[in-house]
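# Structure at a glance
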Amino acid sequence: MIRIAVAGDFLPRHRVAALAQKGDYGSVMDETRQVCSTYDYCIVNLEGPVVTGDAAPIVKNGPCLKCDEKAIPLLRHGGFHCATLANNHFLDYGEDGARQTLDALRQHGIDFVGGGMNVKEAGATLYRDINGETLAIINCAEHEFSIATDKTAGSNPLNPIRLYYDIAEARKTANHVVVITHGGVEQYDLPTPRMKELYRFLIDAGADVVVNHHQHCPCAYEVYHGKPIFYGLGNFCFDAPSLKHQPWNKGYMVGLVLDGEKPDFSIIPYVQCDDQPTVTFADEKANRDTMSHLDELNLILADDNKLRLSHEDYMRRTSTNYLNLFTPYSSRFARALCEKGLLPAYYPRSKWPAMLNGVECESHRERLIYYIRNKMGK
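Along every chain, residues carry numbers that run from 1 in the direction the sequence is written. The predicted nature of this model means local features are confined to residues of pLDDT at least 70 and side-chain atom pairs, given and counted, to a pLDDT of 80 or more, with totals for whole chains, interfaces and linings taken over all residues. Here the side-chain values reflect all heavy atoms present in the structure, with hydrogen atoms and water set aside.

### Thoughts on the overall build of the protein chain
Spelled out, the test is: Helical segments are the DSSP runs of H or I of at least four residues, strand segments are the runs of E of at least two, and each set is numbered from the N terminus. The classification of residues rests on relative accessible area computed with a 1.4 Å probe and restricted to protein chains. Under 20% of the type maximum is buried, over 50% is exposed, and intermediate values are partly exposed. Every residue pair with non-hydrogen atoms within 4.5 Å of one another is taken to be in contact. Surface accessibility follows the Shrake-Rupley procedure with a 1.4 Å probe radius. Residue values consider only the protein chains on display as shielding. Neither His nor the chain ends is counted toward charge; the positive residues are Lys and Arg and the negative residues Asp and Glu. Charge positions come from single atoms, namely NZ of Lys, CZ of Arg, CG of Asp or CD of Glu.
The secondary structure content of the protein chain amounts to 12 helices and 16 strands. Its C-alpha atoms put the protein chain at 65 × 45 × 45 Å along the principal axes. Expressed as a percentage of the 378 residues in the protein chain, the buried residues total 52%. Long-range pairs, those at least 24 residues apart, make up 70% of the contacts in the protein chain between residues at least 6 apart in sequence. As displayed, the protein chain offers around 18100 Å² of accessible surface, 52% of which is attributable to carbon and sulfur atoms. Seen as two clouds, the 40 positive and the 47 negative side-chain charges of the protein chain have centres 6 Å apart.

### Considerations on a nonpolar patch on the surface
The condition that has to hold: Think of a patch as exposed residues, more than 30% relative accessible area, with no salt bridge, where like charges cluster within 9 Å and nonpolar side chains (Val, Leu, Ile, Met, Phe, Trp, Tyr) cluster within 5 Å. Each salt bridge in this description consists of a side-chain nitrogen of Lys or Arg and a carboxyl oxygen of Asp or Glu lying within 4 Å of one another.
On the surface, Val59, Leu356, Val359, Leu368, Tyr371, Ile372 and Met376 cluster together to form a nonpolar patch covering roughly 650 Å² of accessible area. For the nonpolar patch, the secondary-structure elements that each account for two or more residues are α11 (352-360) and α12 (362-375). The element contributing the most residues to the nonpolar patch is α12, with 3 residues. Relative to the elements of secondary structure, Val359 occurs in helix α11.

### Focus: the packing of aromatic side chains
For the record, the criterion: The aromatic pairing rule takes the rings of Phe, Tyr and Trp, using the six-membered ring of Trp, and pairs them if the centres are within 6.5 Å, calling planes under 30 degrees apart stacked, those over 60 edge-to-face and the rest tilted. Placement of a charge over a ring requires the Lys NZ or Arg CZ to be within 6 Å of the ring centre, with the centre-to-atom vector within 35 degrees of the ring normal.
Scanning the entire structure with this criterion turns up 12 aromatic pairs. Relative to Tyr165, the ring of Tyr164 has its centre 5.3 Å away and its plane inclined at 85°; by these criteria the two rings are edge-to-face. In this structure Tyr165 comes out as exposed when scored by relative accessible area, which is 56%. Across from the ring centre of Tyr39, 4.7 Å away, lies the NZ or CZ of Arg3, which sits over that ring.

### Some points on the nonpolar core
For clarity, the threshold we go by: Nonpolar cores are built from buried Ala, Val, Leu, Ile, Met, Phe, Trp, Tyr and Cys residues. Side-chain atoms within 4.5 Å join them into one set.
Ranked by internal contacts, the top residues of the largest apolar core, which has 52 residues, are Ile4, Tyr41, Leu135, Tyr199 and Phe230. By size, the runner-up hydrophobic cluster in this structure holds 46 residues, among which are Met29, Leu74, Ala98 and Ile110.

### Focus on the pattern of salt bridges
Summed over the entire model, instances satisfying the criterion amount to 15 salt bridges. The residue Lys196 makes a salt bridge to Asp304 at a minimum N-O spacing of 2.6 Å. Of this pair, Lys196 sits in helix α7 (residues 193-204) while Asp304 sits in helix α9 (residues 304-318), and the two are 108 residues apart along the sequence. The residue Glu222 makes a salt bridge to Arg200 at a minimum N-O spacing of 2.8 Å. Pair noted here: Glu222 is in strand β11 (residues 221-224) and Arg200 is in helix α7, with a separation of 22 residues, a long-range link. Taken together, the salt bridges that share partners define one network made up of Arg171, Asp208 and Lys227.

### A closer look at the side chain of Glu47
To keep things clear, this is the line we draw: Think of a polar contact as two N or O atoms within 3.5 Å of one another; within protein, one of them needs to be a possible hydrogen donor and the other a possible acceptor, and neighboring residues in sequence only count if both atoms come from side chains.
Relative to the helices and strands, Glu47 is located in the loop between β2 (41-46) and α3 (71-78). Although buried, Glu47 forms no salt bridge, and the nearest oppositely charged side chain, Lys60, lies 8.3 Å from it. Within the structure, the side chain of Glu47 is placed 2.8 Å from the side chain of Asn45, a separation counted as a polar contact. There is a polar contact of 3.4 Å between the side chain of Glu47 and the side chain of His182. Excluding residues that lie within four positions of it along the chain, Glu47 makes contacts with Asp9, Phe10, Leu11, Leu65, Asn87, Asn88, His89, His182, His216 and Phe238.

### Re the sheet that holds strand β12 (residues 227-230)
Filter applied, for reference: Between any two strands, pairing holds if DSSP finds at least two bridges. In this analysis an axis means a line fitted to C-alpha atoms, helices contributing only their contacting stretch, and an angle means the value between N-to-C directions, from 0 to 180 degrees.
Taking strand neighbours across the sheet as the criterion, the 6 strands line up as β6-β7-β9-β10-β12-β11 in an open arrangement whose pairing is mixed. Of all the strands in the sheet, the pair left with one neighbour each is β6 (126-130) and β11. Within the sheet, the average angular offset between the axes of one strand and its neighbour, ignoring direction, is 20°. Note that β11 and β12 share 4 bridges and pair antiparallel. Paired with Tyr224 across the bridge in β12 is Lys227.

### Concerning the pairing of β12
Both faces of β12 are covered, namely the face carrying Lys227 and Ile229 and the face carrying Pro228 and Phe230. The hairpin turn running from β11 into β12, its antiparallel successor, is 2 residues long, and His225 in that turn takes a positive phi close to 55°.

### Examining helix α1 (residues 14-21)
Worth spelling out the cut-off: Comment: arc refers to directions from the helix axis out to C-beta atoms.
For α1, the full list of buried residues reads Val16, Leu19 and Ala20. Across the axial projection of α1, the buried residues extend over an arc of 100°, all falling on one side. In the core, the buried residues of α1 are packed alongside α2 (26-36), α3 and β13 (235-238).

### A word on the packing of α2 against α3
A pair of packed helices is captured by two measures, namely the crossing angle of their axes and the spacing between those axes. The following threshold applies: Convention used here: angles under 35 degrees read as roughly parallel, angles over 145 as roughly antiparallel, angles from 65 to 115 as roughly perpendicular, and any remaining angle as oblique. Ten residues, namely Ala, Val, Leu, Ile, Met, Phe, Trp, Tyr, Cys and Pro, are considered nonpolar, four, namely Asp, Glu, Lys and Arg, are considered charged, and the remaining ones, Gly among them, are considered polar.
Orientation of α2 relative to α3, taken along the N-to-C sense of each, is 40°, at an axis distance of 7 Å. One finds that α2 runs oblique with respect to α3. Two secondary-structure elements touch here, α2 through Gly26, Val28, Met29, Asp30, Thr32, Arg33 and Cys36 and α3 through Leu74, Arg76, His77 and Gly78. Tallied by class, residues from the contact of α2 with α3 come to 4 nonpolar, 4 polar and 3 charged.

### Some words on the state of the cysteines
Counted only if it meets this: Criterion for a disulfide: a pair of cysteine sulfur atoms within 2.5 Å.
On inspection of all chains with the given rule, the structure shows 0 disulfides. Considering cysteine sulfurs only, Cys82 is the nearest to Cys140, which forms no disulfide, with 14 Å between them. Judged by its relative accessible area of 0%, Cys140 is buried. Cys219 takes part in no disulfide bond, and the closest cysteine sulfur to it belongs to Cys217, at a distance of 4.2 Å. On the accessibility criterion, Cys219 (0% relative accessible area) is buried.

Pasting the structure below:
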């Protein structure tokens, strides 16, 4: 039997970073340390590179995140043994940042999985012998700006075909196979129908547990063929002082007991970086609210039609966010005016079928990606 705990997105910033710089790890992580001490092996997602020297941010859509080396002893104080690196920020400071992150983790004795200096390293399954049994951990991320290639550093890509073979290979020697993914829609607390189909497939392929993070809010979970799937754990320790008493500030760790064919699990809610820069497990009201919300989400998740309708409603409400992809405007003000219909989009209706074909057809999409990457000099 192996007892493991998995937590979501960790990035010490602002108030937490200031405490870590002073070496005050206990204020942030003492309660986490108590929880982790009851498990054999604890895993957390490191949501950004550890930059210890010079490294320049890459050109990407979205923010470039980083932390300094104090993040790693903070993790150790919290009782974590392993950091997952497959996410959309691991490569934010290029190969220098990736290399510095791996060096810092090795220096402090923290295992890592899902990131490396090339795709072979990033895709390597992590094996650990615990209590006389072998645990296999596979970590991958949806494709954004962090994905490794044969020649460049980054995160292990979420490729269903490769995952199938990686799970099959792990099953040959491991007693337990855990797949940890990073993907989904930020600020949306349900999986897309695509995610539900894919993550169930990973269980059918032989995974004992699938755990996902990325959405920055606690998300639904289910048990499929006796195996749990967690679609989003929320932030674990990710300070944003402007956000208080929001879904951003809530999350849950997953406690797993791997013994036999059907894992047992527990949900461990917490409040993170709210009024204080801490991770607090003892807020009973917040915990009840989180569990009640999860129960509501799980009812939607269990019904394919309700899940589809929820996803379609979310896409309708947020569709204007994508309008700027199809406009020539670069300033935030002009894009906002375009989203409100006060500036034209400049794309005639006759162009939309070709645009849809370019992204929907697999072969055309490959060519479109190649063309854009080539224009960006990648």
